[in-house]
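# Survey of secondary and tertiary structure
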Amino acid sequence: MNKINLAVFASTRGTDLQPIIDGVEGGSLDFVDLKFVLSNKQDCFALERAKQAGIKIIFIDAKGKTREEYDEECLRVCQEHGVDLILLIGYMRIITGVLVQPYKNRIMNIHPSLLPKYPGMDLDVHQAVLDAGEKETGCTLHFIDEGVDTGPIILQKKVAITVGETPESLKTKVQAKEQEVILKGLETFAQGKIE
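The rules behind each value
Residues numbered from 1 in each chain as written. Predicted model: local features only at pLDDT ≥ 70, side-chain atom pairs only at ≥ 80, totals over all residues. Heavy atoms only, no water. Helix = DSSP H or I, 4+ residues; strand = E, 2+ residues; numbered from the N terminus. Rg over C-alpha atoms; globule rule 2.2 N^0.38 Å. Buried < 20%, exposed > 50% of the residue type's maximum accessible area, 1.4 Å probe, protein only. Contact = heavy atoms within 4.5 Å. Areas by Shrake-Rupley, 256 points an atom, 1.4 Å probe, with all protein chains shown as cover. Salt bridge = Lys/Arg side-chain N within 4 Å of Asp/Glu carboxyl O. Expected span 1.5 Å × (residues − 1). Arc of directions from axis to C-beta. Phe/Tyr/Trp six-rings, centres within 6.5 Å; stacked < 30°, edge-to-face > 60°. Pairing = 2+ DSSP bridges. Axes fitted to C-alpha atoms, helices over the stretch in contact; angles between N-to-C directions.

### Considering the overall build of the chain
Within the chain one finds six helices and seven strands. Counting helices and strands in the order they occur from the N terminus, the chain gives β-α-β-α-β-α-β-α-β-α-β-β-α. A compact globule built from 195 residues should have a C-alpha radius of gyration of about 16 Å, and the chain, at 16 Å, falls within 12% of that. Expressed along its principal axes, the backbone C-alpha trace of the chain runs to roughly 50 × 40 × 30 Å. Looking at the chain as a whole, 48% of its 195 residues qualify as buried. Taking the intrachain contacts of the chain between residues at least 6 apart in sequence as the baseline, contacts between residues at least 24 apart amount to 66%. When the accessible surface of the chain is summed, it comes to about 9,300 Å², and 49% of that surface belongs to carbon and sulfur atoms.

Here you go:
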């Protein structure tokens, strides 16, 4: 299995980050070197999770910068740290070609629905699934391209929708599957089975 120099980009609580931290610390992800966690939100809990685990944290302020200028800074930091793979976990920014092109098929995103259905973010996605009367939903790990939620799909995991489900309850169920899919995606990438 190949070693992965991983960077995680996050803007929210980092719930899906914790199993990665635990796996690196516990040895089940001994093929992952988590270089840093980067955020555009200085107060996001994902940075606190990383800090508590002794992982380097990087905050890059987006104020006064174009999306391209911001991504140039992110690219520079990734290159300085020898990053092989970027994982987006609750990262609330649209990535531009400045970062996508040098990291083509090396930026993974976890999305809270079965793409291509229901692109978008967070609780809005879960509400749209419920409004449509779907019987199942799930999550998708996909590579980032220059569109939004349109990159090649790596893995998906389904979740049944039960009567009385709310966007919040659905989010909890889907997040549990997201963590499984992320860990499997990292392993599959390290094995060279996805490019």
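### What about the pattern of salt bridges?
The tally for this structure, following the rule as stated, stands at eight salt bridges. Note that E180 and K157 form a salt bridge whose closest N and O atoms lie 3.5 Å from each other. Remark: K157 occurs in strand β7 (residues 153–160) and E180 occurs in helix α6 (residues 167–190); sequence separation between them is 23 residues. Notably, a salt bridge pairs K173 with E165, separated by 3.0 Å at the nearest N-O pair. Take E165: its relative accessible area is 14%, and that puts it in the buried class.

### A closer look at unusual backbone geometry
Negative phi characterises most residues that are not glycine, and trans characterises most peptide bonds. L115 connects to P116 through a cis peptide bond whose omega is 15°. As for its position among the elements, P116 is in the loop between β5 (107–111) and α5 (122–131). You will see that N105, though not glycine, has its phi angle at about 60°, which is positive. Looking at the element boundaries, N105 is found in the loop between α4 (97–100) and β5.

### A few points about the pairing of strand β4 (residues 85–89)
In regular strands, side chains alternate between the two faces of the sheet. Taken across its five residues, β4 has five buried, putting it largely inside the fold. Of the two faces of β4, the one carrying L85, L87 and I89 and the one carrying I86 and L88 are both buried.

### A look at helix α3 (residues 67–80)
Here α3 spans 20 Å end to end across 14 residues, near enough to the 20 Å set by a 1.5 Å rise per residue. For α3, the full list of buried residues reads Y70, D71, C74, L75, V77 and C78. Down the axis of α3, the smallest arc covering the buried residues is 165°, so these residues share one side. Of the residues trailing α3, G82 is marked for its positive phi of about 65°.

### Topic: the packing of aromatic side chains
What the rule picks out here adds up to one aromatic pair. Plain terms: the ring middles of F9 and Y91 are 5.3 Å apart, the flat faces sit at 65° to each other, and that makes the pair edge-to-face. With F9 in strand β1 (residues 4–10) and Y91 in the loop between β4 and α4, the pair connects residues that are 82 residues apart, well separated along the chain. Pair check on accessibility: F9 and Y91 agree, each one buried.

### Notes on the sheet that holds β1
In space, the seven strands of this open sheet follow the order β3-β2-β1-β4-β5-β6-β7, with mixed pairing throughout. Only two strands of the sheet have a single neighbouring strand rather than two, namely β3 (57–59) and β7. Between one strand and the next, the sheet's axes are offset by a mean angle of 20°, whatever the strand orientation. Here β1 runs beside β4; their pairing, made up of five bridges, is parallel. Of the residues in β4, the one forming a bridge with A10 is I89. The strands touched by helix α1 (residues 18–26) within the sheet are β1, β2 (32–39) and β4, with β2 carrying the most contacts at an inclination of about 150°. Across the sheet, helix α2 (residues 45–52) lies against β1, β2 and β3, angled at about 140° from β2, the strand it touches most.

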